Amino acid sequence: MSTKTSAQRASFSGRLGYVLTTAGSAVGLGNIWRFPYLAAKYGGGAFLLVYLILVMTFGYTLIISETAIGRMTKKSPIGAFEHFGKGPSFRFGGWINAIIPMIIGPYYCVIGGWVLRYLAGYAAGGVKALSGDNYFSDFISDGVSVEGWFLVFALCTVVVIFFGVQKGVEKISRLMMPALVVLALLVAIYSVTRPGALSGVRYFLIPDIRHFSWMTVVAALGQMFYSLSCAMGILITYGSYMEKDVSIERSTSEVEFFDTAIAILAGLMIIPAVFAFSGNDAARNLQAGPSLMFITMPKVFGSMGMGTAIGIIFFLLVFFAALTSSISLAETCASTFEDELHMKREYASMIVTVLFIGLGTLSSLGFNVLKSVTILGMDFLDFFDFLSNSIMMPIAAIAICVLVLRSVTLKGIEEEVCKGGAKFKRKKIYTFIIKYLSILFLLVILASSVLNVLGIIHI
Ligand code: TRP
């Protein structure tokens, strides 16, 4: 009896460990900041529906493939690709996966800086000022302030990489995540019960074909990669830490579920509030883009009792969710430099610091000092976001699918997924998508976002 219990406990805690760590890295600004503004902008319910379908099909396929490849090879992306062959195409597949976090990490820290600015604002008791109409645009056009807060956030991130106190941060995030869920629930309930909020709930939850466009699909796919941290090699690395007796299918499904649930909750906090608090401006505010969370949430807090306290707690939790994610982004970059370029830890951390501060500064100054500089019509932050999510991730995802089909083989994936007697329940869907749909679909998405940005087609 006692042996049975301990055996059960051991395997359970292994799975839970994997699920918690992966969910901790998946849940971040992508869920609370990025998902709601994309859903608001690209069709509300139509976006949500497309997103859910993509998560359950493509997201599922990719997450399983990457985790299985990681566990099979016990390597991070570049090594994992090279495990199957040494040619330039394998090296390309590995490197494109490894470079994506180097592009996302820096601008992630810029948004992290915005979160810190708001946190400090609430702590200083500025709940009324923060809810003002122009607060955000005034803040963002002040280069010194944006850069300063970005540097604080970036330093919080790289300090951890230097000293390797990741364990401590993980502990904090395990406490903070449940707190985030509870608080998000409370704020969501408050938001949806405001007068006028119901039309927002309807807009977000009920798909309306008139709000659908091809851009809905492009944006939803990019968001799916971003939120699940797919197509950038991180899941390969996490898979390599996974024990053989843990069910890949079950644990990845749980991560998907958790990540999607938080995103929906964030949508329910923010979108109904847009309708309730912006009156006739609702349609315009839905288009706000990256600034949406920073404009709507302060209005909610400004109008409620205990707004200061709730504002502090809310931004503190967003800060922690963002920090744990940015640490794992930076950590991935550092380990790529360490493993592949044979750098010492300190040296690799220094390069990461320079990279994050350099590219991040471009993004943070793109709204003020460098406002006149645009790339393909986008400011730097938008450009880095577009480059990583709409161009590089589809390519990285194609590389993974090709690797599965040509080198790992479907049989190899199945064997890995079924290790330790685990089931592969959605094998049919997996096989169908990876064999017939994924590459074609990813190519179409890639082509349409490139043609769109070049102005050749308009989607
Ligand atoms: N998924 C994270 C989020 O939703 C962002 C992210 C993308 C990430 N890639 C990552 C986090 C890699 C950690 C590691 O915010």
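Residues numbered from 1 in each chain as written. Predicted model: local features only at pLDDT ≥ 70, side-chain atom pairs only at ≥ 80, totals over all residues.

## Describing the overall build of the protein
Logical step 1: Across its full length, the protein carries 20 helices and zero strands.
Logical step 2: Here the C-alpha radius of gyration of the protein, 22 Å, is about what a compact globule of 459 residues would show, namely 23 Å.
Logical step 3: Principal-axis analysis of the C-alpha atoms places the extent of the protein at approximately 60 × 60 × 50 Å.
Logical step 4: Counting over 459 residues, the protein shows a buried share of 51%.
Logical step 5: A fraction of 84% describes how many contacts in the protein between residues 6 or more apart in sequence connect residues 24 or more apart. (Helix = DSSP H or I, 4+ residues; strand = E, 2+ residues; numbered from the N terminus. Rg over C-alpha atoms; globule rule 2.2 N^0.38 Å. Buried ≥ 20, exposed ≤ 12 C-beta atoms within 10 Å, placed from the backbone. Contact = placed C-beta atoms within 7 Å.)

## Description of the site of the ligand
Logical step 1: In the vicinity of the ligand there are 16 residues, among which Ser 25, Gly 28, Gly 30, Ser 229 and Ser 325 approach most closely.
Logical step 2: Only helix 1 (2-26), helix 2 (29-41), helix 5 (88-123), helix 11 (214-228) and helix 16 (307-340) provide two or more residues apiece to the shell around the ligand. (Near = placed C-beta within 6 Å.)

## A short note on unusual backbone geometry
Logical step 1: Residues other than glycine seldom take positive phi values, yet Lys 74 does so here, at roughly 55°.
Logical step 2: Take Lys 74: it is sitting in the loop between helix 3 (45-73) and helix 4 (77-84).

## Quick word on the packing of helix 3 against helix 4
Logical step 1: One can describe the packing of helix 3 onto helix 4 by two numbers: an axis separation of 10 Å at closest approach and a directional angle of 75°. As the angle between them shows, helix 3 and helix 4 are arranged roughly perpendicular. On the side of helix 3, the interface is formed by Ile 69, Gly 70 and Thr 73, while helix 4 contributes Gly 79, Ala 80 and His 83.
Logical step 2: When its residues are assigned to classes, the contact of helix 3 with helix 4 shows two nonpolar, four polar and no charged. (Axes fitted to C-alpha atoms, helices over the stretch in contact; angles between N-to-C directions. Parallel < 35°, antiparallel > 145°, perpendicular 65-115°, else oblique. Nonpolar A, V, L, I, M, F, W, Y, C, P; charged D, E, K, R; others polar.)

## Some details on the confidence of the model for the protein
Logical step 1: Averaged over the protein, the pLDDT score is 88; the fraction of residues at 70 or greater is 94%.
Logical step 2: Ranking the helices and strands of the protein by mean pLDDT puts helix 5 first, with 96, and helix 1 last, with 58.
Logical step 3: Here residues 1-13 is modelled with pLDDT under 50, and outside its nearest four sequence neighbours on either side it reaches one contact, counting other chains as well. (pLDDT = per-residue confidence, 0-100.)

## Focus: helix 15 (residues 292-303)
Logical step 1: Over its twelve residues, helix 15 runs 17 Å from end to end, which matches the ideal 16 Å to within 8%, given 1.5 Å per residue.
Logical step 2: Within helix 15, ten of the twelve residues are buried, which leaves it mostly tucked inside the rest of the structure.
Logical step 3: Among all positions of helix 15, only Leu 292, Met 293, Phe 294, Ile 295, Thr 296, Met 297, Pro 298, Lys 299, Val 300 and Phe 301 are buried. (Expected span 1.5 Å × (residues − 1).)

## Concerning helix 16
Logical step 1: Helix length check: helix 16, at 34 residues, gives a terminal C-alpha distance of 49 Å against a target of 50 Å (1.5 Å per residue), a fit within 8%.
Logical step 2: Counting buried residues in helix 16 gives 25 out of 34 residues, a clear majority hidden from the surface.
Logical step 3: Looking at the residues trailing helix 16, positive phi occurs at His 342, about 50°.

## Topic: the environment of Ile 433
Logical step 1: For Ile 433, the location among the structural elements is in helix 20 (residues 427-453).
Logical step 2: Of the residues examined, Ile 433 has 18 C-beta atoms within 10 Å and is grouped as partly exposed.
Logical step 3: When neighbours within four sequence positions are excluded, Ile 433 is seen to be in contact with Thr 57, Phe 58, Thr 61 and Ser 438.

## A look at the packing of helix 11 against helix 20
Logical step 1: Contact geometry for helix 11 and helix 20: axes closest at 10 Å, N-to-C directions at 110°. As the angle between them shows, helix 11 and helix 20 are arranged roughly perpendicular. Once helix 11 is placed against helix 20, the crossing between them reads as left-handed. Between helix 11 and helix 20, the contacting residues are Trp 214, Val 218 and Leu 221 on the first element and Ile 445, Ser 448 and Ser 449 on the second.
Logical step 2: A per-class count over the contact of helix 11 with helix 20 returns four nonpolar, two polar and no charged. (Left-handed = near helix turned anticlockwise from the far one by under 90°.)

## Quick look at the environment of Leu 48
Logical step 1: Within the secondary structure, Leu 48 sits in helix 3.
Logical step 2: Along the primary structure Leu 48 and Leu 205 are separated by 157 residues, whereas in three dimensions their C-alpha atoms are 7.1 Å apart.
Logical step 3: Non-local contacts of Leu 48, meaning those with residues more than four positions away in its chain, are made with Ala 39, Phe 204 and Leu 205.

## Overview of the environment of Val 187
Logical step 1: Secondary-structure assignment places Val 187 in helix 9 (residues 166-192).
Logical step 2: Accessibility expressed as a C-beta count within 10 Å gives 23 for Val 187, which makes it buried.
Logical step 3: Sequence separation of Val 187 and Ile 395 is 208 residues, and the distance between their C-alpha atoms is 38 Å.
Logical step 4: Not counting chain neighbours up to four residues away, the residues in contact with Val 187 comprise Met 269 and Phe 314.

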